[in-house]
Amino acid sequence: MKEKLLEEFSKVFGDNEGTKVYFAPGRVNLIGEHTDYNGGHVFPCALTVGTYGVARKRTDHKLNLYSMNFENLGVIESSLEDLVPHDEAGWTNYPKGVMWAFEKRGKKIDYGMDLLLYGTIPNGSGLSSSASLEVLTGSILRDMYGFDVSNEDLALIGQYSENNFNGCNCGIMDQFASAMGKKDNAIFLDTATLQFEYAPVVLEGAKIVVTNSNVKHSLVDSAYNERRSQCETALHELQEAEAKAGGREIKSLGDLTPDEFEARKDAIKDDVRKLRAKHAVYENQRTMDAVAALRAGDIEKFGKLMNASHVSLRDDYEVSCPEIDVLVEEAWHVDGVIGSRITGGGFGGCTVSIVKDEAIDTFKEKLAAAYSERCGKTCDFYVVEIGDGPVIL
Ligand code: GLA
């Protein structure tokens, strides 16, 4: 891969003197969905697919940005004087956003760069190609300019740029998973405190299979932001009622156990908001239970919690879609499937399933046939491996 990328860099930029090759991974979330902006737990892992970058420092302020995934766009020229988002700047808004975020932190970038990118995450699949590009850019800047930033900082800077430069109000999960990834481990992260533990994903005789629905519904960003604000309003209602009753401080929805929520939920004055909050509270509990089950070697229980997570995301949080529901329901009916659910932000994208080795072929055949018959569409399968965070190759 490294040779191929260096060769490509030479083709685009003339030669590859003074370059270095970097990589940052994408992620898949095993359980804990839409909990990261509710102060709850998540359980994602970094993948071995992600974004590669070949970078070389320049002696002026120019930014020459080229992506092998968007060859037709050619080299997109910009400069350090233009670290502002533009609609027509397309994918370059991500690396530029990270440069902007470094400068916001007082890390002045003195020279521009030539940068060639190559992403191995399928476009729009919901496996966090944007977070991997943000973490990649951060790790290039850190190395190129000797900035003293930790991998955790790279995650926070990536999220900050995505929120404030790219206008997507995402939580910390994706960038954290990319920046802090560890081979064969998932990351049990408490998003309220950013305390985390690695948990080995030991799936004897089974694999993680990601199924791409190849659907991406257009309402993703607006619906995501709407879910966020519904949860915020529900939290305020709970906090107000609790304060009136002289109760305890409720910091976030993730701060409540299901029992505590049930005892207080009537403070939420709208049925839809109540369902959204219910999902956030119960999903947080499911995530903690799932990690405990995995640690105890009870993979069957882990799978059942994945299935329950899907039902809650479908019915209470309403972030699934018919295509994804078909893929998940069909998966549940295949012998050897331990668990299956939607993963990521929702409204399309991918499902994540744990499938016994001997059932993987049948799983693919059955899902592909059913998806074609019931939705008239084709899906793609990736048997994924859990990889490390950002590296210099
Ligand atoms: C997207 C966001 C994450 C997280 C998930 C849902 O991937 O970027 O921060 O909220 O949706 O779990």
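In short, a report on the structure. Please read these numbers as outputs of a predicted model, since none were measured by experiment.

**Some thoughts on the packing of aromatic side chains**
Line of reasoning, step 1. The tally for this structure, following the rule as stated, stands at 12 aromatic pairs.
Line of reasoning, step 2. Taken together, a centroid distance of 5.7 Å and an interplanar angle of 15° make the contact between Trp-100 and Tyr-160 stacked. Taken together, the residues span a long stretch of sequence, with Trp-100 in helix H2 (residues 93–104) and Tyr-160 in helix H4 (residues 151–164) at a distance of 60 residues.
Line of reasoning, step 3. Tyr-160 sits in the partly exposed class, given a relative accessible area of 37%.
Line of reasoning, step 4. Grouping aromatic residues by their ring pairs yields a cluster made of Phe-43, Phe-188 and Phe-302.
Line of reasoning, step 5. The ring of Tyr-282 has Lys-278 lying over it, and the distance from NZ or CZ to the ring centre is 5.9 Å.

**A short note on H2**
Working note: α-helix, 3.6 residues per turn, so residues spaced by three or four point in the same direction.
Line of reasoning, step 1. With 12 residues, H2 should cover 16 Å at 1.5 Å per step; its first-to-last C-alpha distance of 16 Å lies within 8% of that length.
Line of reasoning, step 2. Judged by how many residues are buried, H2 sits mostly within the fold: nine of 12 residues are covered.
Line of reasoning, step 3. Asn-93, Pro-95, Lys-96, Gly-97, Val-98, Met-99, Trp-100, Ala-101 and Phe-102 are the residues of H2 that are buried.
Line of reasoning, step 4. Structurally, H2 contributes buried residues whose contacts are with strand E3 (62–67), strand E4 (76–79), strand E5 (113–119), helix H3 (129–145) and H4.

**Looking at helix H8 (residues 271–295)**
Line of reasoning, step 1. Compared with an ideal rise of 1.5 Å per residue, which puts 25 residues at 36 Å, H8 spans 36 Å between its outermost C-alpha atoms and is within 8% of the ideal.
Line of reasoning, step 2. A distance of 3.1 Å separates the backbone nitrogen of Val-272 from a side-chain oxygen at the start of H8, and that oxygen is part of Asp-270.
Line of reasoning, step 3. With its phi angle positive at about 80°, Gly-297 sits one or two positions after the end of H8.

**Description of unusual backbone geometry**
Line of reasoning, step 1. Even without being a glycine, Ser-128 presents a positive backbone phi close to 65°.
Line of reasoning, step 2. Inspection of the secondary structure assignment puts Ser-128 in the loop between E5 and H3.

**Describing the packing of H3 against helix H5 (residues 173–180)**
Line of reasoning, step 1. At a minimum axis separation of 9 Å, H3 and H5 run at an interaxial angle of 50°. Taken together, H3 and H5 sit at an angle that is classed as oblique. With respect to the hand of their crossing, H3 and H5 are arranged in right-handed fashion. Residues Ala-131, Ser-132, Glu-134 and Val-135 of H3 pack against Asp-174, Gln-175, Ser-178 and Ala-179 of H5.
Line of reasoning, step 2. The residue inventory of the contact of H3 with H5, partitioned by class, reads three nonpolar, three polar and two charged.

Cut-offs applied
Residue numbers here run from 1 along each chain, matching the order of that chain's written sequence. The model is predicted, so local features are restricted to residues of pLDDT at least 70 and side-chain atom pairs to those at 80 or more, both for listing and for counting; the totals for chains, interfaces and linings are taken over all residues. Hydrogens and water molecules were not included; the side-chain quantities draw on all heavy atoms of the structure. Each Phe, Tyr or Trp ring, with Trp reduced to its six-membered ring, pairs with another whose centre is within 6.5 Å; inter-plane angles below 30 degrees give stacked pairs, above 60 give edge-to-face pairs, and intermediate values give tilted ones. Segments assigned H or I by DSSP are reported as helices when at least four residues long, segments assigned E as strands when at least two residues long, and all are numbered from the N terminus. We call a residue buried when its accessible area falls under 20% of the maximum for its residue type, exposed when it is over 50%, and partly exposed in between, using a 1.4 Å probe and counting protein chains only. By definition, being over a ring means that NZ of Lys or CZ of Arg is both within 6 Å of the ring centre and within 35 degrees of the ring normal. One fewer than the residue count of a helix, multiplied by 1.5 Å, yields its expected span. Should any heavy atoms of two residues lie within 4.5 Å, those residues are counted as being in contact. Two N or O atoms form a polar contact when they lie within 3.5 Å of each other; inside protein one atom must be a possible hydrogen donor and the other a possible acceptor, and for residues adjacent in sequence the pair counts only when both atoms belong to side chains. To get an axis, fit a line to the C-alpha atoms, keeping to the stretch in contact for a helix; angles then go from 0 to 180 degrees between the N-to-C directions. An angle counts as roughly parallel when it lies under 35 degrees, as roughly antiparallel when it exceeds 145, as roughly perpendicular when it falls between 65 and 115, and as oblique in every other case. Handedness of a helix crossing follows the sense of rotation of the near helix relative to the far helix, less than a right angle counterclockwise being left-handed and clockwise being right-handed. Residue type decides the class: Asp, Glu, Lys and Arg count as charged, Ala, Val, Leu, Ile, Met, Phe, Trp, Tyr, Cys and Pro as nonpolar, and the leftover types, Gly among them, as polar.

Nothing here speaks to function; it is all geometry.
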